[in-house]
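Structural characterization, general
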Amino acid sequence: MEVLIFDTPATIGCYVADLIQAVLGRRPEPVLGLATGSSPGPTYTELIRRHRDDGLSFAHARAFSLDEYLGLPADHEQSYRQTLRRELIDHVDLPLDRLVTPVVDALEVPERAEQYDAAIAAAGGVDLQLLGIGSDGHIGFNEPVSSLGSRTRIKTLTDETRHDNARFFGGDAEAVPRHVITQGIGTILEARRLVLIATGAGKADAVAAAVEGPLTSMVPASALQLHPSTTVLVDPAAASALSRRDYYETVQRHKPSWQR
Ligand code: GLP
C-alpha cells in the first residue's frame, strides 16, 4: 500500500480532490465511489470549491455510494443518500439520477443487493473508490469477520459502530439503525483505485492493523493489502500507531491548487 502522512485533514482533502479531478478529466464517463462519514468531508468541500471557482464538472460522471442504513425513511437526514446530497451532490453539476445508492425496502434487500453489484458492473466499474475506516477496522459497513470475498448484502452493525455513529443521531446509539446494506469487500476490491482516508487518534489502531497487520477478516480493511492500487492518507494522529514510519511518505508540500 502507498501510505501518505499529511499535516491536516484539509491537506488530505486537497490531495484527494486532485486524484478525483484527474479521474474526471481522464475518462469520458467516470465512475466515482463515494463514502460518507466525517473523513471525506474536506475532500467534498474542496471539490465543491473547484466546481464553483474553477468550473470542475461532474456532468458526465456517475457515482455509487458504499452503503446505506436500512429502516430509515428515504428522506431522513442521516440516510446516506441525503448525506451525500447535502455534502456534495446538491452543490455540483452531477445529475441526481446519476447518484446511485442502495435505498431499499428491507423486504427486497437480497434482490436489490445483487442488482447493485450488477449496476456497478454495467457502468464499467468504479474508477476511484473513496473509503473511510471504522475504529474496529470496517470498510463500508463490512464489520469484523465479514467475508473478504463478500458482495453487496445486508449486514448487522456492531455495538461499537453504532456507538461511533451515535454522534449523527443526537448522541443516541439506540437511534442508529441496526441493519445496513453495504458493498461487500469483494465488490470494493473491484474498483480500479482505492483511496482510504483516516484522521484522528481514534483511527490509529485500526490504520496500523489494516496496513501493517496480517490479512484477516477480523480487520476488514486489511483486505486492501490485496489491491494493486491502494493509497492510505492519514494525519499524524491516525498515523501514530504505525511502527515503520520510515516506510511511509510524509507529504509536507502539497498545497491547495489555488496556492500553487
Ligand atoms: C461509517 C461508514 C463508513 C465510514 C466509517 C468511518 O460506519 N459506513 O463508510 O468509513 O463510518 O466514519 P468517519 O469517517 O466518520 O470516522
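Rules of the game
- Residues numbered from 1 in each chain as written.
- Predicted model: local features only at pLDDT ≥ 70, side-chain atom pairs only at ≥ 80, totals over all residues.
- Heavy atoms only, no water.
- Buried < 20%, exposed > 50% of the residue type's maximum accessible area, 1.4 Å probe, protein only.
- Helix = DSSP H or I, 4+ residues; strand = E, 2+ residues; numbered from the N terminus.
- Pairing = 2+ DSSP bridges.
- Near = heavy atom within 4 Å.
- Polar contact = N/O pair within 3.5 Å; in protein donor to acceptor, adjacent residues only side chain to side chain.
- Areas by Shrake-Rupley, 256 points an atom, 1.4 Å probe, with all protein chains shown as cover.
- Nonpolar A, V, L, I, M, F, W, Y, C, P; charged D, E, K, R; others polar.
- Contact = heavy atoms within 4.5 Å.
- Axes fitted to C-alpha atoms, helices over the stretch in contact; angles between N-to-C directions.

Here strand S10 (residues 230-234) lies mainly inside the structure; 5 of its 5 residues are buried. What you see with S10 is no split at all: Thr230, Val232 and Val234 on one side and Thr231 and Leu233 on the other are buried throughout. As paired elements, strand S1 (residues 2-6) and S10 share 4 bridges and run parallel to each other. For glutamate 2, the partnering residue across the bridge sits in S10 and is threonine 231.

Right, let's talk about the side chain of threonine 43 for a bit. In this structure, threonine 43 sits in helix H2 (residues 41-54). The buried category is assigned to threonine 43, whose relative accessible area is 1%.

So, about the site of the ligand. In the neighbourhood of the ligand, 14 residues make up the surrounding shell, with Ser38, Ser39, Asp67, Arg167 and Lys203 lying closest. At 2.8 Å, a side-chain N or O of aspartate 67 approaches a nitrogen atom of the ligand. Backbone polar atom of glycine 140 to a nitrogen atom of the ligand: 3.2 Å apart, as the coordinates give it. Contact with the protein chains removes 95% of the 390 Å² of surface that the ligand exposes when unbound. Residue classes in the shell around the ligand are distributed as 4 nonpolar, 7 polar and 3 charged.

A separate point is the environment of alanine 122. Summarising the element assignment, alanine 122 is placed in helix H4 (residues 109-122). Owing to a relative accessible area of 69%, alanine 122 belongs among the exposed residues under this scheme. For the pair alanine 122 and cysteine 14, spaced 108 residues apart in sequence, the C-alpha to C-alpha distance is 30 Å.

Read across the open sheet, the 8 strands follow the order S5-S3-S2-S6-S9-S10-S1-S11; overall the sheet is parallel. Strands at the two margins of the open sheet, each flanked by one partner only, are strand S5 (99-100) and strand S11 (249-251). The strands touched by helix H1 (residues 9-26) within the sheet are S1, strand S2 (31-34), strand S6 (128-131), strand S9 (194-198) and S10, with S6 carrying the most contacts at an inclination of about 160°.

Note that every value here comes from positions in space, so none of it alone points to a role or purpose.
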